[in-house]
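Coordinate analysis (summary)
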Amino acid sequence: QVRLVESGGGLVQPGGSLRLSCAASGIIFRFYAMGWYRQAPGSQRELVAAITSGGITNYADSMKGRFTISRDNAKNTVYLQMNSLKPEDAAVYYCTANFRELEYWGQGTQVTVSS
C-alpha cells in the first residue's frame, strides 16, 4: 500500500510564498529519488524540482532561485518551498517517488496565484 499525499496548496497573491509537503508511506523512503511536477490547464506536465536519495537537487530553469526542494528522511516527507510566486506558477503540483524501475505518483495539490 504505497501512498504519496500532497498538502499545502491553496490561494496566494503574486509575490507570495507557499510550502508544499508530500508524505510517503509503504516505501523505504531513503532509497527513493523524490520530485515535484506541475501541470497547468492546456499545458504539458513539467518538472519543477527533484532530489536524489543522496540529496542532490535539480530544478527547472524558471524555478532556480525561487523554489527549494528538501527532504526529511526521518519523517518520510519531501517539501517544496515556493517564493516570489507568479500567476504562471498556478497549476496542480504532483509528488513523485522513483527507485530503479519503481515509480509512484500522488494525487496532486492545487496552487492558485491571483490578486
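See the structure printed just above.
Okay, so let's go over this structure. By convention here, each chain's residues receive numbers from 1 onward along its written sequence. Thresholds applied to this predicted model are a pLDDT of at least 70 for local features of residues and 80 or more for the giving and counting of side-chain atom pairs; totals over whole chains, interfaces and linings are not thresholded and use all residues. Hydrogens are left out, water is left out, and the side-chain values use all remaining heavy atoms of the structure.

Turning our attention to the state of the cysteines. Sulfur atoms of two cysteines make up a disulfide when they are within 2.5 Å. Taken as a whole, this structure holds 1 disulfide when the rule is applied. One disulfide in the model links Cys 22 with Cys 95; its S-S distance is 2.1 Å. Since a negative S-S torsion denotes a left-handed disulfide, the Cys 22-Cys 95 link at about -80° is left-handed. With Cys 22 in strand S3 (residues 18-25) and Cys 95 in strand S9 (residues 91-99), this pair connects stretches of sequence that are 73 residues apart. In terms of burial, Cys 22 and Cys 95 fall into one category: buried. Put simply, DSSP H or I for four residues or longer makes a helix, DSSP E for two residues or longer makes a strand, and each gets a number counted from the N terminus. Note on exposure labels: buried denotes an accessible area under 20% of the residue type's maximum, exposed denotes more than 50%, and partly exposed covers the range between, all computed with a 1.4 Å probe on protein chains only.

Checked against the element boundaries, Arg 66 lands in the loop between strand S6 (57-59) and strand S7 (67-72). Polar side-chain contacts of Arg 66 include one of 3.0 Å to the backbone oxygen of Ser 84. Counted as a polar contact is a pair of N or O atoms within 3.5 Å, where, for protein atoms, one must be capable of donating a hydrogen and the other of accepting one, and residues adjacent in sequence contribute only when both atoms are in side chains.

In this section: the environment of Leu 47. Among the secondary structure elements, Leu 47 is positioned in strand S5 (residues 46-51). Residue class for Leu 47 comes out partly exposed when judged on its relative accessible area of 25%. Between the C-alpha atoms of Leu 47 and Arg 71, which are 24 residues apart in sequence, the distance is 17 Å. In this description, contact between two residues means that some pair of their heavy atoms is separated by no more than 4.5 Å. In contact with Leu 47, not counting residues within four places along its chain, are Trp 36, Tyr 37, Asn 58 and Ala 60.

As summarised here, the arrangement of the 4 strands in space is S1-S3-S8-S7, forming an open sheet in which the pairing is antiparallel. Two strands bound the open sheet, and with one partner strand each, they are strand S1 (3-7) and S7. On average, each strand axis in the sheet is inclined to that of its neighbour by 15°, with strand direction left out of account. Summarising the sheet, S7 and strand S8 (residues 77-82) pair through 6 bridges and their orientation is antiparallel. Paired with Ser 70 across the bridge in S8 is Tyr 79. At least two DSSP bridges between two strands are needed for those strands to be called paired. To define axes, lines are fitted to C-alpha atoms, for helices over the stretch in contact only, and angles between the resulting N-to-C directions are given on a 0 to 180 degree scale.

With that settled, consider the environment of Tyr 104. Note on placement: Tyr 104 falls in strand S10 (residues 102-105). Sequence separation of Tyr 104 and Met 34 is 70 residues, and the distance between their C-alpha atoms is 9.7 Å. Apart from the residues lying within four places of it in its own chain, the contact partners of Tyr 104 are Val 2, Leu 4, Ile 27, Tyr 32, Cys 95, Thr 96 and Ala 97.

This part covers the pattern of salt bridges. By salt bridge we mean one thing: a side-chain nitrogen of Lys or Arg within 4 Å of a carboxyl oxygen of Asp or Glu. This model, assessed by the stated rule, comprises 4 salt bridges. With a shortest N-O distance of 2.7 Å, Arg 38 and Glu 46 are connected by a salt bridge. Its relative accessible area of 6% is what places Arg 38 among the buried residues. Close ionic contact of Asp 89 with Arg 38 constitutes a salt bridge, the shortest N to O distance being 2.9 Å. On the criterion of sequence distance, the pair formed by Asp 89 in the loop between S8 and S9 and Arg 38 in strand S4 (residues 33-39) is long-range, its members being 51 residues apart. Taken individually, Asp 89 and Arg 38 each receive the classification buried, so the pair is uniform in this respect.

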